[in-house]
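# Structural characterization, general
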Amino acid sequence: MEYVIIIISAVFVNNIVLAKFLGICPFVGVSAKTDTAVGMSGAVTFVMTIATIVTWFIKNYILDAYNLEFLQTISFILVIASLVQLVEIVLKKVSPPLYQALGIFLPLMTTNCAILGVAIEATGNADFGLLHSVVFAIANAIGFGLVLILFASIREHMDLLNVPKVMRGMPAAMIVAGILALAFMGFAGMV
Amino acid sequence: MNQMKNFSKGLIKDNPVLVMLLGLCPALGVTTSAINGLGMGLATTFVLLMSNLVVAIIKDLIPNKVRIPSFIVVIASFVTIVDLVMEAYLPALHSELGLFIPLIVVNCLVLGRAEGFASKNNLPSAVVDGLGMGVGFSLALTMLGAVREILGSGAIFGYNFIEGDLMLAFVLAPGAFIGLGYLIAINRVIKKE
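Structural notes, computed from the coordinates. Predicted model only: the values in this text are computed from it and were never measured.

### A short note on the overall build of chain A
- Across its full length, chain A carries 8 helices and 0 strands.
- Along the first, second and third principal axes, the C-alpha atoms of chain A reach 60 × 45 × 30 Å.
- Counting across all 191 residues of chain A, residues that qualify as buried make up 53%.
- Pairs at least 24 residues apart make up 75% of the contacts formed inside chain A by residues separated by at least 6 positions.
- For chain A, the accessible surface area stands at approximately 8700 Å², while carbon and sulfur atoms represent 70% of it.

### Comments concerning the overall build of chain B
- A count of helical and extended segments in chain B gives 8 helices and 2 strands.
- Secondary structure elements of chain B occur, N-terminal to C-terminal, as α-α-α-α-α-α-α-β-β-α.
- Computed over C-alpha atoms, the radius of gyration of chain B comes to 17 Å, within 12% of the 16 Å expected from 2.2 N^0.38 for 193 residues, which places it in the range of a compact globule.
- By the burial criterion, 51% of the 193 residues in chain B qualify as buried.
- For chain B, contacts bridging at least 24 residues in sequence account for 73% of all contacts bridging at least 6.
- Surface accessibility of chain B: about 8400 Å² in total, with carbon and sulfur atoms responsible for 71%.

### Comments concerning the packing of helix α3 (residues 34-58) of chain B against helix α7 (residues 123-153) of chain B
Residue and element names in this part refer to chain B.
- It is at 8 Å that the axes of α3 and α7 come closest, and there the two elements cross at 165°. One element, α3, and the other, α7, form an angle in the roughly antiparallel class. The chirality of how α3 crosses α7 is right-handed.
- Residue composition of the contact of α3 with α7, by class: 18 nonpolar, 10 polar and 2 charged.

### Quick notes on the side chain of Glu88(A)
- Within the secondary structure, Glu88(A) is located in helix α4 (residues 72-94).
- Although buried, Glu88(A) forms no salt bridge, and the nearest oppositely charged side chain, Lys92(A), lies 6.4 Å from it.

### Quick word on the interface of chain A and chain B
- Every contact between the two is made by 36 residues of chain A and, on the other side, 35 residues of chain B.
- Here chain A packs against chain B, burying approximately 3000 Å² in sum over the two surfaces, 86% of which is carbon and sulfur.
- If you list the elements that add at least two residues to the side of chain A that touches chain B, you get α2 (24-29), α4, α6 (113-124) and α8 (170-185) of chain A.
- The leading source of residues in the side of chain A that touches chain B is α8(A), at 9 residues.
- A breakdown of the residues in the side of chain A that touches chain B according to their chemical character gives 26 nonpolar, 6 polar and 4 charged.

### A few points about a positive patch on the surface
- The grouping of Lys165(A), Arg168(A), Arg188(B), Lys191(B) and Lys192(B) at the surface amounts to a positive patch.
- Within the element layout of this structure, Arg168(A) appears in the loop between α7 (130-158) and α8.
- Using a relative accessible area of 45% as the deciding quantity, one classes Arg168(A) as partly exposed.

### What to know about the pattern of salt bridges
Residue and element names in this part refer to chain B.
- The tally for this structure, following the rule as stated, stands at 5 salt bridges over all chains.
- The residue Glu 115 makes a salt bridge to Arg 67 at a minimum N-O spacing of 2.9 Å. Note that Glu 115 is positioned in helix α6 (residues 108-118) and Arg 67 in helix α4 (residues 67-89), a separation of 48 residues in sequence.
- For Arg 113, the salt bridge is made with Asp 129, and the minimal N-O distance between the two is 2.9 Å. Of this pair, Arg 113 sits in helix α6 while Asp 129 sits in helix α7, and the two are 16 residues apart along the sequence. With respect to class, Arg 113 is no different from Asp 129; both count as buried.

### Notes on a nonpolar patch on the surface
Residue and element names in this part refer to chain B.
- Taken together, the side chains of Ile 150, Tyr 159, Phe 161, Ile 162, Leu 166 and Met 167 present a nonpolar region at the surface, about 560 Å² in accessible area.
- Mapped onto the fold, Tyr 159 is located in strand β2 (residues 159-160).
- Judged by relative accessible area, which is 58%, Tyr 159 ranks as exposed.

### Some words on the packing of aromatic side chains
- Using the criterion set out here, one finds 9 aromatic pairs over all chains in the structure.
- Ring centres of Phe21(A) and Phe177(B) lie 5.5 Å apart, and the angle between their planes is 50°; on these two criteria the pair is classed as tilted. Taken together, the residues span two chains, with Phe21(A) in the loop between α1 (2-13) and α2 and Phe177(B) in helix α8 (residues 173-192).
- Phe21(A) sits in the buried class, given a relative accessible area of 5%.
- Geometrically, the ring pair formed by Phe184(A) and Phe187(A) is edge-to-face, given 5.4 Å between the ring centres and 70° between the ring planes.

### Notes on unusual backbone geometry
- Of note, Asn67(A) is a non-glycine position whose phi angle comes to about 55°, a positive value.
- Among the residues examined, Asn67(A) registers a relative accessible area of 58% and is labelled exposed.

### Some details on the packing of helix α3 (residues 34-63) of chain A against α4(A)
All names here are of chain A.
- Direction vectors running N to C along α3 and α4 enclose 135°, while the axes themselves pass 10 Å from each other. Our classification of the angle between α3 and α4 gives oblique. Classified by chirality, the crossing of α4 by α3 is right-handed. Seen from α3, the contacting residues are Phe 46, Val 47, Ile 50, Ala 51, Val 54, Thr 55, Ile 58, Lys 59 and Leu 63; seen from α4, they are Gln 72, Ser 75, Phe 76, Val 79, Ile 80, Leu 83, Val 84, Val 87 and Leu 91.

### Notes on the nonpolar core
- Counting residues in hydrophobic clusters, the biggest one holds 114 residues, and the most contacted among them are Leu18(A), Ile24(A), Phe27(A), Met48(A), Val17(B), Phe177(B) and Leu180(B).
- Excluding its chain neighbours within four sequence positions, the residues that come into contact with Phe27(A) are Val17(A), Leu18(A), Val147(A), Leu148(A), Phe151(A), Ala177(A) and Phe177(B).

About the thresholds
- Residues numbered from 1 in each chain as written.
- Chains lettered and ligands numbered in written order.
- Predicted model: local features only at pLDDT ≥ 70, side-chain atom pairs only at ≥ 80, totals over all residues.
- Heavy atoms only, no water.
- Helix = DSSP H or I, 4+ residues; strand = E, 2+ residues; numbered from the N terminus.
- Buried < 20%, exposed > 50% of the residue type's maximum accessible area, 1.4 Å probe, protein only.
- Contact = heavy atoms within 4.5 Å.
- Areas by Shrake-Rupley, 256 points an atom, 1.4 Å probe, with all protein chains shown as cover.
- Rg over C-alpha atoms; globule rule 2.2 N^0.38 Å.
- Axes fitted to C-alpha atoms, helices over the stretch in contact; angles between N-to-C directions.
- Parallel < 35°, antiparallel > 145°, perpendicular 65-115°, else oblique.
- Left-handed = near helix turned anticlockwise from the far one by under 90°.
- Nonpolar A, V, L, I, M, F, W, Y, C, P; charged D, E, K, R; others polar.
- Lys, Arg positive; Asp, Glu negative; His and termini not counted.
- Salt bridge = Lys/Arg side-chain N within 4 Å of Asp/Glu carboxyl O.
- Buried area = accessible area lost by both parts, 1.4 Å probe.
- Patch = residues over 30% accessible without salt bridge, like charges linked within 9 Å, V, L, I, M, F, W, Y side chains within 5 Å.
- Charge placed at Lys NZ, Arg CZ, Asp CG, Glu CD.
- Phe/Tyr/Trp six-rings, centres within 6.5 Å; stacked < 30°, edge-to-face > 60°.
- Core = buried A, V, L, I, M, F, W, Y, C linked by side-chain atoms within 4.5 Å.

In structure tokens, the structure reads:
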């Protein structure tokens, strides 16, 4: 039951993009087309889950064990950066089709604050064991993917609208995101 | 004159948030009030200035292949300094900004200026650029924070001039997106004139 609550809370109530404002750069950057949005969601799910597992072990068995909490930011970002490289190399060798699909999005992962944000949040929560953290990471990735794909399909339709010139592009997209956030506020109180 | 131009480009013409659309996560996440926006802006300015300074000094010593990881380590060190100093001296602001302090590391603006500007220019230009971009970032965050605070709770910098709640949505998540959308549009109009 607690896992169900973690999932509903991360996907709908405290959505990573619309309520916590993490991963805005890819959210506005790759949401112009639905295809790229799907690819990006896949890459985020993959990297976010692995990154959370690895940082969980680092936090619990190295940083906490030797009182090195102040190194958290530096160690996490280095681990994530090298992990992204590693995933890219392994994927290229093991599964070329998957590499083709995720390829161009993988290098962007290092500066995606959603990855680091979820890792810090999952490892910083004292109630979370390893399994909780993994479920939390996957749920957040699903929340990210859901909103990204929703937003991309809305933006595809928006190309056909006659928007005032100064509002064209990013300002209009931001207001759509605001309305989407307003809709997601309706889920508040579910958990 | 050239340095003046270098500094002022970050304010309106190439404003990091409103034009380049970098660092949007903190810009949306912490601007529930003007003072939070200003605090986040100043913290980022410090990191931006120091990382530009260090990157401009060490740029010739770093092999080209490992430059991005090296820049990230430099940035992460200064973010850790900001995090610890803020926790010690400004605990209230530190807990308001929360997760977004360590996330300055992955602010595309900081890495973008280190890689895109400081690693290609001399020391004075890099410092001036860092300062200009930082001020532009702070300006955008403070404005967005002020707009949200005025419309959402009838206050500015914590000074309450209208009692009670106004449009609560502006303090909550939707207001951040809508407020930023209009600020980008306003900046476009100003730039054109």
